[in-house]
Amino acid sequence: MKKNVYFVFLIMLLLTQTVDAQCAMCRAVLENEGNVETAEGINNGIVYLMAIPYVLVGGLFFFVYKKMRK
């Protein structure tokens, strides 16, 4: 089991990418330009980038909780 965890951790380290997030000012400028489709895309990207850490931490706590109950 520990080998699988180390393998997944190694894969995660090797497959990292640089992610550039948009700031609140960039989003405000996009919304004011009238290009609604681009602004919605940027907003969806911001929400996606914000949600991933919460999902990962929640999954981690779930597995720890499940392991502690055994």
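All residue numbers refer to position in the chain's written sequence, counted from 1. The predicted origin of the model limits local features to residues at a pLDDT of at least 70 and limits the giving and counting of side-chain atom pairs to 80 or more, whereas totals for whole chains, interfaces and linings rest on all residues. Each side-chain value is worked out from all heavy atoms of the structure, with water and hydrogens disregarded.

## Observations concerning the overall build of the chain
Secondary structure elements are defined from DSSP: runs of H or I of at least 4 residues count as helices, runs of E of at least 2 residues count as strands, and each element is numbered from the N terminus. Along the backbone of the chain there are three helices and zero strands. Its helices and strands in sequence order give the chain the pattern α-α-α, from N to C terminus. Each residue's exposure class comes from its accessible area (1.4 Å probe, protein chains only) as a fraction of the maximum for that residue type: buried when under 20%, exposed when over 50%, partly exposed otherwise. With 70 residues in all, the chain has 4% of them scored as buried. When the accessible surface of the chain is totalled, it reaches about 6800 Å², and 68% of it is carbon and sulfur. Using a 1.4 Å probe, the Shrake-Rupley method yields the accessible areas, and only the shown protein chains count as cover for residues.

## Structural notes on the confidence of the model for the chain
Close inspection of predicted coordinates is inappropriate in any region flagged by low pLDDT. As a per-residue measure, pLDDT reflects the predictor's confidence and takes values from 0 up to 100. For the chain, per-residue confidence averages 76 on the pLDDT scale, and 73% of positions sit at 70 or higher. Helix α3 (residues 36–69) holds the highest mean pLDDT among the elements of the chain, 84, whereas helix α2 (residues 24–32) holds the lowest, 67.

## Notes on a nonpolar patch on the surface
Patch membership requires over 30% relative accessible area and the absence of a salt bridge. Like charges are linked within 9 Å, and nonpolar side chains (Val, Leu, Ile, Met, Phe, Trp, Tyr) within 5 Å. Salt bridges, as used here, are contacts in which a Lys or Arg side-chain nitrogen is within 4 Å of a carboxyl oxygen on Asp or Glu. There is a patch of nonpolar side chains on the surface, built from F7, V8, I11 and M12 and spanning about 380 Å² of accessible area. Mapped onto the elements, F7 comes out in helix α1 (residues 2–14). For F7, a relative accessible area of 52% puts it in the exposed group.

## Comments concerning the packing of aromatic side chains
Each aromatic pair joins two rings of Phe, Tyr and Trp (for Trp, the six-membered one) with centres within 6.5 Å, and gets the label stacked for planes under 30 degrees apart, edge-to-face for over 60, and tilted for any other angle. Applying the stated rule across the entire model yields one aromatic pair. With centroids separated by 5.5 Å and ring planes inclined at 65°, the aromatic side chains of F62 and F63 adopt a geometry described as edge-to-face. Among the residues examined, F62 registers a relative accessible area of 47% and is labelled partly exposed. Since its relative accessible area comes to 55%, F63 is described here as exposed.

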